[in-house]
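Reading the structure
Take a look at the letters that make up each chain.
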Amino acid sequence: MEEMKKKSLYVLIMMLTLVSVLTACSNTSTQEPAEDSYDWKEYLELAEYKGLPYYTEEASVTEEEVEAQIESILLYATETETVTEGVVEDGDTINVAFVGKIDGEEFEGGSSESYDITVGTTSMIDGFVEGLVGKNIGETVTLNLRFPDEYPNNTELQGKDVVFDVTINSKKISITPELTDEFVQNYYEMETVDELRESIREDLKKDKEATTKSTIQSSLWDIILQNSVLKATPESEEEYAQGQVDSILEEYHATADSYGVEWADFLTTFLGTDEAGLQEMMDDYKENLTKSNITTKAIANSEGLTLSDSAYKERIKEILENNSLTEETFQSYYNMTVYEYADQNGWRDNILQEMVMDKIMELGNEVSKEEFDKYVSDNLVTEDTTDGDTEE
């Protein structure tokens, strides 16, 4: 159960630290957000954000979707067991001991007391793995084989006849639990399979509705940003955005070092760009981040929205509760409190923008999905990837 919660925690952290309505770059800076000590009206012509269209729809969940989720749960709970009986079949992972001899003499590198082989995957000389399929666990098999004429591992063995005496020690089998009330009770705070199914259905429904809401808000936010005009940048916001860029670049360099990849190769392989392209990406990110932060604070200021320390902490607690986590569990995984982690990874800004977007929806005008889609199509300018122009 703890492993399942840990996986849930990983997904939570990835979502909260990587999702951005502006860019694919992650926010991993430990820098504090810029203080709102300036008059935003001196720096921004804020676009209209009241009366924007939105739609709501109740999500539906199919039985197939519920079953797929259950299959994933059972697969995650699958355990591997080592057995000493049975037959070797294609796809099995087996453990063998073998002794290889050429002209009756053992040779260096030709023997092992314990060696794992996955049938169909592990590469050995022709006939070695194939000769074990269909044999019983515990059986000793004699294989009369021949090294390839161009055997790359040892030129002295090329083209030579070899005899391997192979003992099949064991094989690993996967044990997938059955979906029973007992399974549910062991892994969840529930009693029956029906309760689990209903819980899965409700969770999938909430996820779909949250995704729809996020898509709507993202489109509206992009339109607001496109129609707002940034006249200048406050020094505090400039410094904050540059700090974010520096942190991203530092993380990229650390990743390249960890993989032992040259910087130029890292840019090409991992980011699909070069130094000039990366600079352009960072410039765009910095500009978008600055404009987004100022716009967020402008709307929050106009609507009297503030994120107090107590409200900030309550929202974090709500996030933990929604993911079946506690502050203690979080700290045991990351060796810091969730509040320290949140401060370091920009959750405060994310939560304030949540509040702003909720207010925009509250001040909006509910329409049909078709009307909303037309509004977005007519008002959101996107880059045309075919010719580099823009289209409405």
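Quantities reported herein were computed from a predicted structural model and do not represent experimental measurements.

Rules used throughout
Residues numbered from 1 in each chain as written. Predicted model: local features only at pLDDT ≥ 70, side-chain atom pairs only at ≥ 80, totals over all residues. Heavy atoms only, no water. Helix = DSSP H or I, 4+ residues; strand = E, 2+ residues; numbered from the N terminus. Buried < 20%, exposed > 50% of the residue type's maximum accessible area, 1.4 Å probe, protein only. Core = buried A, V, L, I, M, F, W, Y, C linked by side-chain atoms within 4.5 Å. Contact = heavy atoms within 4.5 Å. Phe/Tyr/Trp six-rings, centres within 6.5 Å; stacked < 30°, edge-to-face > 60°. Salt bridge = Lys/Arg side-chain N within 4 Å of Asp/Glu carboxyl O. Expected span 1.5 Å × (residues − 1). Pairing = 2+ DSSP bridges. Polar contact = N/O pair within 3.5 Å; in protein donor to acceptor, adjacent residues only side chain to side chain. Axes fitted to C-alpha atoms, helices over the stretch in contact; angles between N-to-C directions. Parallel < 35°, antiparallel > 145°, perpendicular 65-115°, else oblique. Left-handed = near helix turned anticlockwise from the far one by under 90°. Nonpolar A, V, L, I, M, F, W, Y, C, P; charged D, E, K, R; others polar.

**As for unusual backbone geometry**
Not every positive phi belongs to a glycine, and Asp-103 is a case in point at roughly 55°. Within the secondary structure, Asp-103 is located in the loop between strand E4 (93–102) and strand E5 (105–118). Its identity as a non-glycine residue notwithstanding, Asn-335 has a phi of 55°, on the positive side. You can see Asn-335 is positioned in the loop between helix H9 (327–334) and helix H10 (338–344). The exposed category is assigned to Asn-335, whose relative accessible area is 70%.

**Things to note about the nonpolar core**
Counting 35 residues, the largest nonpolar core has Trp-221, Ile-316 and Ile-360 as the members making the most contacts within it. For this core, the secondary structure elements donating two or more residues are helix H4 (193–227), helix H7 (275–302), helix H8 (309–322), H10, helix H11 (347–362) and helix H12 (369–379). Look past the residues within four positions of Ile-316 in its chain and what remains in contact with it is Val-338, Tyr-339, Ala-342, Trp-347 and Ile-351. If you look at the next biggest cluster of nonpolar residues, it comprises 23 residues, including Ile-102, Val-129, Val-141 and Val-162.

**Regarding the packing of aromatic side chains**
Under the defined criterion, the tally for this structure stands at 18 aromatic pairs. On the numbers, 5.9 Å between centres and 80° between planes, the contact of Phe-107 with Phe-147 is edge-to-face. Here Phe-107, found in strand E5, pairs with Phe-147, found in the loop between strand E6 (140–146) and strand E7 (161–175); they are 40 residues apart in sequence, far enough to count as distant. Summarising the burial analysis for this pair, Phe-107 and Phe-147 share the class buried. Aromatic pair Phe-330 and Tyr-334: ring centres 5.3 Å apart, planes at 25°, arrangement stacked. With Phe-330 and Tyr-334 both in helix H9 and four residues apart, this pair spans about one turn of that helix. By relative accessible area, which is 0% here, Phe-330 ends up buried.

**Focus: the pattern of salt bridges**
Two side chains of opposite charge can pair, provided their charged atoms sit close to one another. Counted under the stated rule, the structure contains 18 salt bridges. For Asp-92, the salt bridge identified is with Lys-171, shortest N-O distance 3.0 Å. Of this pair, Asp-92 sits in the loop between strand E3 (79–83) and E4 while Lys-171 sits in strand E7, placing them 79 residues apart in sequence. A residue is classified by how much of its surface remains accessible, and Asp-92, at 12% relative accessible area, is buried. The partner of Arg-146 in a salt bridge is Asp-149, and the shortest N-O contact between them spans 3.8 Å.

**Structural notes on the side chain of Lys-286**
Topologically, Lys-286 is positioned in helix H7. We classify Lys-286 as buried; its relative accessible area is 17%. Residues in contact with Lys-286, not counting those within four places in the same chain, are Glu-238, Ala-241, Gln-242 and Val-245.

**Quick look at H11**
The terminal C-alpha atoms of H11 lie 22 Å apart, and with 16 residues this matches the ideal 22 Å at 1.5 Å per residue to within 8%. Taken residue by residue, H11 has Trp-347, Asp-349, Ile-351, Leu-352, Gln-353, Val-356, Met-357, Lys-359, Ile-360 and Met-361 as its buried positions.

**Looking at the pairing of E7**
The side chains of a regular strand alternate between both faces of the sheet. Two elements, E3 and E7, share five bridges in a ladder whose sense is antiparallel. Looking at the pairing, Val-83 lines up with Lys-171 of E7. Both E6 and E7 contribute to a ladder of seven bridges, which runs antiparallel. Residue pairing for E7: Arg-146 is matched across the bridge by Asp-161.

**What about the side chain of Thr-296?**
You can see Thr-296 is positioned in helix H7. Residue classification places Thr-296 among the buried positions, given a relative accessible area of 5%. For Thr-296, the side chain forms a polar contact with the side chain of Gln-353, separated by 3.4 Å.

**A closer look at the packing of H7 against H11**
To characterise two packed helices, one gives the angle between the axes of the helices and the distance between these axes. In the contact formed by H7 and H11, the axes pass within 10 Å of each other and the chain directions differ by 55°. With respect to their mutual orientation, H7 and H11 come out oblique. By crossing handedness, the relation of H7 to H11 is classed as left-handed. Contact with H7, carried on its side by Ser-292, Asn-293, Thr-296, Ile-299 and Ala-300, involves Asp-349, Leu-352, Gln-353, Val-356 and Ile-360 of H11 and no other residues of that element. Among the residues making up the contact of H7 with H11, the classes are represented as five nonpolar, four polar and one charged.

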